[in-house]
Amino acid sequence: MKKILIPALSSALLLAGCSLEPDYARPEAPVPAAWPSGPAYDGAAATRKLDGRLMADLGWREFFRYEPLQRVIETALRNNRDLRVAALNIEQARAQYRIERAALVPNLTADASGTRARTPASLSATGQAMTTSQYAVQGGIAAYEVDLFGRVRSLRNTALEEYFATAEARDAVEISLIAEVANAWLTLQADRQLLALTEETLATQEESFRLIGRSYERGVASRLDLAQAQTSVETARVNRALYLRQVAQDRNALALLVGAPLDDAALPDGAMVGVESFVADLPAGLPSDLLQRRPDIREAEHRLKAANANIGAARAAFFPNITLTANGGTASNALSDLFAAGTGAWLFSPAISLPIFDAGRNQANLDAAKAQRDIGVAQYEKTIQIAFREVADALAGRGTFEDQAKAQAALVAAADESHRLAKLRYDKGIDSYLNVLDAQRSLYGAQQALIGIELGRLNNLVTLYKVLGGGLDRMEAERE
């Protein structure tokens with residue numbers, strides 16, 4: 001048996017040599033070499049690194065430094081179902097790669113069989129009934145494809161690149177999840193602030209309505225003043241109902257992302273978290289750095305490599321396919337003589353299949369593989385362009401949100417002073433209550449806008465974390 005199997009395996013391994021895969025070359029990044037510049041961008045900070053590190057080198061805890069928010073993110077990373085599915089997709093891709101890799105090695109089998117058969121006298125050549133026995137023990141390989149032209153290796157490489165792409169997709173899902181949880185948490189915080197502001201405004205306006213009602217009863221205030229004050233109260237009540245609903249829906253959205261019941265202690269309180277709870281001086285680096293640190297770009301490149309490897313498998317279909325079947329062992333008509341001298345048996349059966357006419361099927365498969373590779377190139381380049389646009393937008397936000405917040409805070413102060421003076425003039429009988437009402441609306445709107453701008457500023461920081469390639473907890477990644 002050794003005399004048959006060992007030469008067969010050796011020849012198979014020696015023959016499997018060449019590959020028909022095209023040489024892979026990374027496409028040029030279709031974006032400028034530097035980030036946009038201008039009044040909207042903080043050009044000095046755009047390319048600066050933080051302690052020599054890029055964003056992807058930071059753990060998410062280094063970016064999100066507010067402990068209650070960290071606890072919510074940790075819970076989401078343990079329980080979010082989308083992240084679980086992404087991790088299971090890695091296991092599935094890994095198993096598929098192992099399947100394709102196993103085809104490179106011959107499968108050795110060992111078989112034992114025994115047969116006893118009786119032939120009646122009417123069918124026997126001797127005219128007498130016969131009972132015959134046959135026993136065999138053998139080992140061998142069956143239908144092993146000699147990978148002369150790299151078809152099997154190309155399929156293995158395709159599966160390997162798909163596995164790598166799935167792993168990158170999992171990292172992209174985790175980064176997106178962290179950003180979504182942070183944004184949902186901040187949105188809940190902002191809506192709670194808006195609810196508190198509305199309730200405070202409602203209380204103030206109800207008090208004004210009561211005072212004007214008393215003045216109306218004494219004949220000092222007009223019916224118009226009373227109606228205008230009531231309009232202000234009812235508007236605040238409408239807004240209160242709106243923000244109550246939004247707070248409840250925000251909590252439900254956060255609970256879905258977290259994937260587990262939320263503890264009230266982990267939820268944001270009425271105070272707005274400031275930028276000091278985040279890494280404000282983000283290391284943006286250069287556009288070329290995105291190729292190394294954005295998981296979605298690395299995923300697109302692995303899928304491009306998989307499509308490139310698939311061309312090799314399609315090309316190999318034009319060449320002969322060689323398979324080997326070989327086995328060796330012993331056979332005897334008596335079980336006691338199964339391993340006696342002279343009972344050796346062997347089989348060696350190579351086969352070759354040469355495509356002659358397939359009605360253009362192999363060429364169509366090759367054309368489809370090349371088209372898929374070209375699609376992969378376009379998708380890879382589009383992914384880079386999207387990443388460049390996302391980072392440029394976020395950098396524009398970083399360069400403008402601070403100035404906008406300062407201007408809005410000054411507007412709130414001016415509106416507050418205007419409201420104070422309008423109320424003073426009304427109390428002295430100089431102006432009508434309409435001026436007070438307009439000043440109240442301006443102040444309330446300015447305060448709402450300030451909360452929205454602060455939320456946008458924090459959301460932009462979270463977006464920068466995401467679009468610059470995130471930054472996973474490396475200790476957790478190693479444990480997984």
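Everything discussed here concerns the structure shown above.
Asks: Tell me about the pattern of salt bridges, and please be specific about residues and values.
Replies: Per the counting criterion, the structure on display carries 22 salt bridges. With its nearest N and O atoms 3.4 Å apart, the salt bridge here joins Glu199 to Arg240. One end of the pair, Glu199, is in helix H6 (residues 151-217); the other, Arg240, is in helix H7 (residues 223-258), with 41 residues separating them in the sequence. According to the relative accessible area criterion, Arg240 is partly exposed, its value standing at 33%. The partner of Asp427 in a salt bridge is Lys423, and the shortest N-O contact between them spans 3.4 Å. Separated by four residues within a single helix, Asp427 and Lys423 lie in helix H10 (residues 361-427), roughly one turn from each other.

Asks: Which residues make up the packing of H6 against H7, and what values go with them?
Replies: The interhelical angle for the contact between H6 and H7, taken along N-to-C directions, is 160 degrees, at an axis separation of 8 Å. Classed by the angle they form, the pair H6 and H7 counts as roughly antiparallel. You can see that H6 and H7 cross each other, and the crossing is left-handed. By residue class, the composition of the contact of H6 with H7 is 20 nonpolar, eight polar and 11 charged.

Asks: Tell me about the side chain of Thr330, and name the residues and values.
Replies: On the secondary structure map, Thr330 appears in strand S3 (residues 321-332). Given a relative accessible area of 17%, Thr330 falls into the buried group. With residues near it in sequence (within four places) discarded, Thr330 still touches Tyr135, Ala136, Val137, Leu338, Phe339, Thr343, Gly344 and Ala345.

Asks: Break down the sheet that holds S3 for me, citing the residues and quoting the values.
Replies: Spatially, S1-S2-S3-S4 is the arrangement adopted by the four strands of the open sheet, whose pairing is antiparallel. At either margin of the open sheet sits one strand with a lone partner, and together these are strand S1 (108-119) and strand S4 (344-353). Strand after strand, the sheet turns through a mean of 20 degrees between neighbouring axes, direction not considered. As paired elements, S1 and strand S2 (residues 130-146) share 12 bridges and run antiparallel to each other. From the neighbouring strand, Ser113 faces S2, where its bridge partner is Ala136.

Asks: Help me get a handle on helix H9 (residues 295-316), residues and values and all.
Replies: In a regular helix each residue adds 1.5 Å, so 22 residues correspond to 32 Å; H9 covers 32 Å between its end C-alpha atoms and thus fits that length. The element H9 is largely enclosed, with a buried count of 16 among its 22 residues.

Calculation criteria
- Residues numbered from 1 in each chain as written.
- Predicted model: local features only at pLDDT ≥ 70, side-chain atom pairs only at ≥ 80, totals over all residues.
- Heavy atoms only, no water.
- Salt bridge = Lys/Arg side-chain N within 4 Å of Asp/Glu carboxyl O.
- Helix = DSSP H or I, 4+ residues; strand = E, 2+ residues; numbered from the N terminus.
- Buried < 20%, exposed > 50% of the residue type's maximum accessible area, 1.4 Å probe, protein only.
- Axes fitted to C-alpha atoms, helices over the stretch in contact; angles between N-to-C directions.
- Parallel < 35°, antiparallel > 145°, perpendicular 65-115°, else oblique.
- Left-handed = near helix turned anticlockwise from the far one by under 90°.
- Nonpolar A, V, L, I, M, F, W, Y, C, P; charged D, E, K, R; others polar.
- Contact = heavy atoms within 4.5 Å.
- Pairing = 2+ DSSP bridges.
- Expected span 1.5 Å × (residues − 1).

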